[in-house]
Amino acid sequence: MSWFKKWLVSTNTIESSQRKGVPEGVWAKCNGCNNAIYAAELARNLYVCPKCDFHTRISARQRLDIFLDPENREELARGVVPIDRLKFKDTKKYKDRLQKAQETSGEVDALVVMKGSVMQIPLVGTFFDFGFIGGSMGAAVGERFVQAIDYCLTERLPLVNFSASGGARMQEGLISLMQMAKTSAALARLAGASLPFISVLTDPTTGGVSASLANLGDIIIAEPGALIGFAGQRVIEQTVRQQLPEGFQRSNFLLEHGAIDMIVHRKNMRNTIAGLLAKLLHQDER
């Protein structure tokens, strides 16, 4: 079998040299079908797999570039930054986690607030970035969201939120949990002013974000296959001591059971939300 070992060594050497010759970032792997996709093709397809239609997770900046018109954008609440009030430390110091997340994501915190428009309809968009500590909601995220609502109230603009979050940020303890009530109360003020709030649930939308602002939309939209829920499946099964249906926390299941209003493909998101806003703002009657 010595010839076989030699063949294996030569094959592995060739494959290794071929891999070394491919620049990093040229190919991407689809988590839906496990196929390799040319990264440029994936980007052209709005980061949706052209083979299996799997919606990959994208950053807040990628999301807003896809959704908003390119003109007249203005970032809001950027001066609101996270603070380590509790001097929290687990395996790492919270301040070190913040610094690392800021370096890798290029964001100050897990929510980007942008004034802009979609199909020429002015609005304020809030975009969660799962790449920043799992898109978790701490005091700065909650304050940014509330400032977005305050701006909507002042300028009489609708709000569109794209959630992608693991929930409340445990490193901020009770302060992070308070953001659930804080953002919900602000949304009540928005509703009281008869200004629309459209909530878009992307993969994943879980924990305290799903239990507060994400599910308080006048219209709740989800992307195909998005994971949406509060606790994880294993935690729920251990609590209720029952086997749960397969895929019960996916957007298709939630639509069938009336938990969300519609599922919209990423390619159709701009047109769909623009149409909904036109109706809610009575612009289609002009």
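Residues numbered from 1 in each chain as written. Predicted model: local features only at pLDDT ≥ 70, side-chain atom pairs only at ≥ 80, totals over all residues. Heavy atoms only, no water.

## Quick look at the pattern of salt bridges
Condition: The salt bridge definition used is simple: a Lys or Arg side-chain nitrogen within 4 Å of an Asp or Glu carboxyl oxygen. Classification of residues uses two cut-offs on accessible area relative to the type maximum, computed with a 1.4 Å probe and protein chains only: under 20% is buried, over 50% is exposed, and between them is partly exposed. Labels follow the DSSP assignment, with helices taken as runs of H or I lasting at least four residues and strands as runs of E lasting at least two, numbered in each case from the N terminus.
Applying the stated criterion across every chain, the model contains 14 salt bridges. Across the salt bridge formed by Arg-78 and Glu-75, the nearest N and O atoms sit 3.3 Å from each other. Residue classification places Arg-78 among the partly exposed positions, given a relative accessible area of 38%. Between Arg-189 and Asp-150 there is a salt bridge, with the nearest N and O atoms lying 3.0 Å from each other. With a gap of 39 residues between them, Arg-189 in helix H6 (residues 174-192) and Asp-150 in helix H5 (residues 139-155) connect regions that are remote in the sequence. With relative accessibility at 40%, the residue Arg-189 sits in the partly exposed group.

## Observations regarding the nonpolar core
Among soluble globular proteins, nonpolar side chains are generally buried collectively. What counts here: Among buried residues, those of type Ala, Val, Leu, Ile, Met, Phe, Trp, Tyr and Cys that are joined through side-chain atoms within 4.5 Å constitute a nonpolar core. The contact criterion used is simple: two residues touch if any of their non-hydrogen atoms lie within 4.5 Å.
In this structure, Val-124, Phe-145, Leu-159, Leu-187, Leu-190 and Leu-213 are the most contacted members of the largest nonpolar core, which totals 35 residues. The set of elements that each furnish at least two residues to this core consists of helix H4 (94-105), strand E4 (111-118), strand E5 (121-128), H5, strand E6 (159-165), H6, strand E7 (197-205) and strand E8 (219-222). Counting residues per element, this core draws most heavily on H5, at six residues. Apart from the residues within four sequence positions on either side, Leu-159 is in contact with Val-124, Thr-126, Phe-145, Ala-148, Ile-149, Cys-152, Leu-187, Leu-190, Pro-196, Phe-197 and Ile-198. The next biggest cluster of nonpolar side chains, apart from the first, holds 23 residues, and it includes Leu-64, Phe-67, Met-114 and Val-264.

## Structural notes on the pairing of E5
Keep this limit in mind: Strand pairing requires that DSSP identify at least two bridges connecting the strands. A clockwise course of the path from the first strand over the helix to the second, judged with the strands pointing away from the viewer, identifies a crossover as right-handed.
Burial of E5 is extensive: seven of the eight residues sit out of reach of the surface. Pairing analysis gives eight bridges linking E4 to E5, with the strands arranged antiparallel. In the sheet register, Ser-117 faces E5, and the bridge partner there is Pro-122. Hairpin connection between E4 and E5: a loop of two residues separates the two successive antiparallel strands, and Met-119 in this loop has a positive phi of roughly 55°. Note: E5 against E6, four bridges, orientation parallel. Residue pairing for E6: Gly-125 is matched across the bridge by Val-160. You can see the chain leave E5, run along H5 and come back into E6, and the turn it takes is right-handed.

## Structural notes on the environment of Leu-216
Among the secondary structure elements, Leu-216 is positioned in the loop between helix H7 (207-210) and E8. Judged by relative accessible area, Leu-216 falls into the partly exposed class, the value being 41%. Leu-216 sits 25 residues away from Arg-241 along the chain, and the two C-alpha atoms are 29 Å apart. Beyond its immediate sequence surroundings of up to four residues, Leu-216 is in contact with Ser-184, Leu-187 and Phe-197.

## Focus on the side chain of Gln-171
Its place among the elements puts Gln-171 in the loop between E6 and H6. Overall, the relative accessible area of 6% leaves Gln-171 in the buried class. Contact partners of Gln-171, with chain neighbours within four places excluded, come to Leu-86, Phe-88, Asp-90, Tyr-94 and Arg-97.

## Some words on the packing of aromatic side chains
Going by this rule: To pair, rings of Phe, Tyr and Trp, with the six-membered ring standing in for Trp, must have centres within 6.5 Å; the planes then decide the type, stacked if under 30 degrees apart, edge-to-face if over 60, and tilted in the middle. Distance and angle both matter: a charge sits over a ring if NZ of Lys or CZ of Arg is within 6 Å of the ring centre and within 35 degrees of the ring normal.
One pass over the full model with this rule turns up five aromatic pairs. Relative to Phe-162, the ring of Phe-127 has its centre 5.4 Å away and its plane inclined at 10°; by these criteria the two rings are stacked. In this pair, Phe-127 is assigned in strand E5 and Phe-162 in strand E6, connecting sequence segments 35 residues apart. Both residues of the pair, Phe-127 and Phe-162, belong to the buried class. Counting every residue linked through ring pairs, the aromatic cluster contains Phe-67, Phe-127 and Phe-162. A cation sits over an aromatic face here: Arg-57 above Phe-130, 4.8 Å from the ring centre.

## Re the confidence of the model for the protein chain
Rules: For every residue, the predictor reports its confidence as pLDDT, a number between 0 and 100.
On average, residues of the protein chain carry a pLDDT of 92, and 91% of them reach 70 or more. The low-confidence segment residues 4-11 (pLDDT under 50) makes zero contacts with residues lying over four places distant or belonging to another chain. Within the model, the stretch residues 13-19 combines pLDDT values under 50 with zero contacts to residues more than four positions away or in other chains.

## Some thoughts on unusual backbone geometry
Following Asp-203, the chain continues into Pro-204 via a peptide bond in cis, with omega recorded as -10°. Among the structural elements, Pro-204 can be located in strand E7. Of note in the backbone geometry, Asp-53 takes a positive phi value of approximately 70° without being a glycine. Along the chain, Asp-53 turns up in the loop between helix H2 (39-44) and helix H3 (60-67). Since its relative accessible area comes to 37%, Asp-53 is described here as partly exposed. Even without glycine at this site, Arg-241 takes up a positive phi of about 55°. Checked against the element boundaries, Arg-241 lands in the loop between helix H8 (233-240) and helix H9 (251-256). On the basis of relative accessibility, which here comes to 74%, the residue Arg-241 falls in the exposed class.

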